[in-house]
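Architecture and fold: a report
What follows is each chain in one-letter form.
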Amino acid sequence: MARFKNKNKKAPVRPVKNQPSVDHITGQKIPKSFVFSRGKLPGPLRDLELDLRKLMLPHTALKLKEKKRNKLKDFLNVAGPMGVTHFLMISNPKSIPHLRVARTPQGPTITFEIHEYALAADIARSQARPSCPKELFSNSPLIVLSGFGSGGQHLKLTTIMFQNIFPAIDINTVKLSSCRRIVLLNYNNETKLIDFRHYFIRLQPIGVSQRIRKFVQKHEVPDLRNLQDVSDFVTKVNRASTKSAVRLQEIGPRMTLRLVKIEEGLCSGAVIFSEFGKEADDAHEEEDHED
Amino acid sequence: MAAELQTLEAAAAPASRKRKPKHKKSKNPSKRAKQKASPMAAAKPRQPSKKMKKLFRKRAREYHSDEEDDGDVEREEEPSSGDEEDFDVRDDGSGGSEGDDEEDGRGAQHGITRFVGGCRAFRVAFMKIMKKHLPDDPLGPILSAHKKLVAEKLAEDDAEHKKKGETKKEKQLAAENGHIKPANFLDAKEKFLIGVATKGVVKLFNAVSKAQNAQIGLNPSKSKDTKGVESKIVTCFFSFIHFVVLAKRRKQAFFSELQKKNTQVSNSRNDEKGNVTGWAPLCDSYMLTSSKLKDWDKMAEPAAVVGQEHESSESSDE
């Protein structure tokens, strides 16, 4: 493997971006995450992993390199110095995709079964006008959890876990222009499934005619040929309004999750909650150990 | 039948080794025609090496070990054998088969038995095969005696292939487990989810704007969003107008440039002057009061170009 043509030249040292581990305004610790796989994954699931990494931006390792022989311990060893607080692990035991969300280094670990999933590319393909500007991913998404209040202790734990996975926002200091994405987790009490969606937020002024909206948002030169005066352009339909509408467009992966198990430690330890009975639970544990 | 064919092959084996280079040579058609015309005359037998001769002789001996006399009889028959004529008449692949014959003949001349009966037998057998009306067998024509075995093997192959394909398909299906392609429209569930998310966002945004407006303590009626929109409209308009004005100016500059070219007389000083009070050449009295015009007959004097620092400096340098 000839990696470097010239021996005298040294490997290019990438400038390390000094990402602060503490928010400079609120002073809170910024959660960081690793998204990686355990065991071998089929193609679509690997794509899902990449999509999840993108979703977790900017405080995640987008280009995290994994190897077959990497153990959980390896990631844990790196996580400490890097200030990584959360692991998202995708595994595929017995061809049933699983997502595990864990806090490092102590745990707990929440295991979800991925019932259904659609990749970001699939969603973009299904839309008439897909759009996903790059600057969306320079800020972390908001998270909206709904329907979790009704359940028991395990749901509360899940809520806390997901709330802490993204940096907390302080409503006194947050800039609304930085809130461009939203992750929705909706718990359905009947089916006990969690819908995981990822949208991007668009603000549209209300009560303004289409022409002005186009002019303001897209900077298109308006056609004023039929107008007598410039004021006509502004005053024709527009009511004075102080509101703007929130429009959401789906991006990123879509998942339907089922909460399967909660463990106390990092992929180990006592089982706090299990969807299945005792026997099934044991079987699951074996699964986890094999990968 | 099969046994016959086998013996034929055995006999042809040594000959085939010799035949190959000859085929390569016989690419030019003229030679081939010659061969056809007089096979015996044209075919100048190429001498096989001593070693090969020895081998052939040995084989011949072995072949005729039990019936010595027959071999002699055959040797006598050769030159006037009807086979060759027969083969000449035959048209399909005549070149190749002819070559075979010649080869055989030559071989015989070198003391190797020619397999005349075998040739005829082969011909008969071949014709028989060709004439055979084949049943519509999915396996195709099989000459082997072990027809059943072949069929079995093929079936086995097929089954194996099928199995492989199935396992591959299964694997692919397992890989796609849970992967769905979303519909092109928003169904009720998706709409509901978007509604939930929107509600959440609106709640949060309202809370944020409320908190931040309270913090600022300024005009609470002027919410942030509208202010943004209004100011944006204004700035956009200004930029638009600015653009229009710029375009106009550019146009003017272009026309003035044209005018300048028409009136070659105007020099830079005039332009300078013109910039101050309109454009001088456009004035009616311009030509009359031509004191400002440069007199090209005269050399540039320092006094005439007082206003122009550049020119004066240049002239002084000269």
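Under an unreviewed UniProt entry, the name given to chain B is RRP15-like protein, and the organism recorded is Musa balbisiana. The annotation that UniProt attaches to chain B under Sequence similarities (unreviewed entry) is "Belongs to the RRP15 family."

Chain A goes by Brix domain-containing protein in an unreviewed UniProt entry, where it is assigned to Musa balbisiana.

1. What about the overall build of chain A?
Helix and strand content of chain A: seven helices and nine strands. Out of the 291 residues in chain A, the part that is buried amounts to 46%. Taking all contacts inside chain A whose residues are at least 6 apart in sequence as the whole, residues at least 24 apart take part in 67%.

2. Let's talk about the interface of chain A and chain B
Listed as interface residues are 51 residues of chain A and, on the opposing side, 39 residues of chain B. Note on chain A versus chain B: buried area summed over both sides is about 3,900 Å², and carbon and sulfur give 70% of it. Taken together, the links from chain A to chain B amount to three salt bridges. Across the pair Glu190 of chain B and Arg197 of chain A runs a salt bridge, and its minimum N-O distance is 2.7 Å. Inspection of the chain A/chain B interface yields seven residue pairs in polar contact (both at pLDDT 80 or more). Taken together, the elements giving at least two residues each to the side of chain A that touches chain B come down to β4 (109-118), α3 (120-126), β5 (142-146), β6 (181-188), β7 (193-205), α5 (210-218), α6 (230-235) and β8 (244-263) of chain A. Top contributing element to the side of chain A that touches chain B by residue count: β7 of chain A, with six residues. Residues that form the side of chain A that touches chain B fall into these classes: 32 nonpolar, eleven polar and eight charged.

What counts and what doesn't
- Residues numbered from 1 in each chain as written.
- Chains lettered and ligands numbered in written order.
- Predicted model: local features only at pLDDT ≥ 70, side-chain atom pairs only at ≥ 80, totals over all residues.
- Heavy atoms only, no water.
- UniProt positions renumbered as here; feature names shortened; annotations may be inferred.
- Helix = DSSP H or I, 4+ residues; strand = E, 2+ residues; numbered from the N terminus.
- Buried < 20%, exposed > 50% of the residue type's maximum accessible area, 1.4 Å probe, protein only.
- Contact = heavy atoms within 4.5 Å.
- Buried area = accessible area lost by both parts, 1.4 Å probe.
- Salt bridge = Lys/Arg side-chain N within 4 Å of Asp/Glu carboxyl O.
- Polar contact = N/O pair within 3.5 Å; in protein donor to acceptor, adjacent residues only side chain to side chain.
- Nonpolar A, V, L, I, M, F, W, Y, C, P; charged D, E, K, R; others polar.

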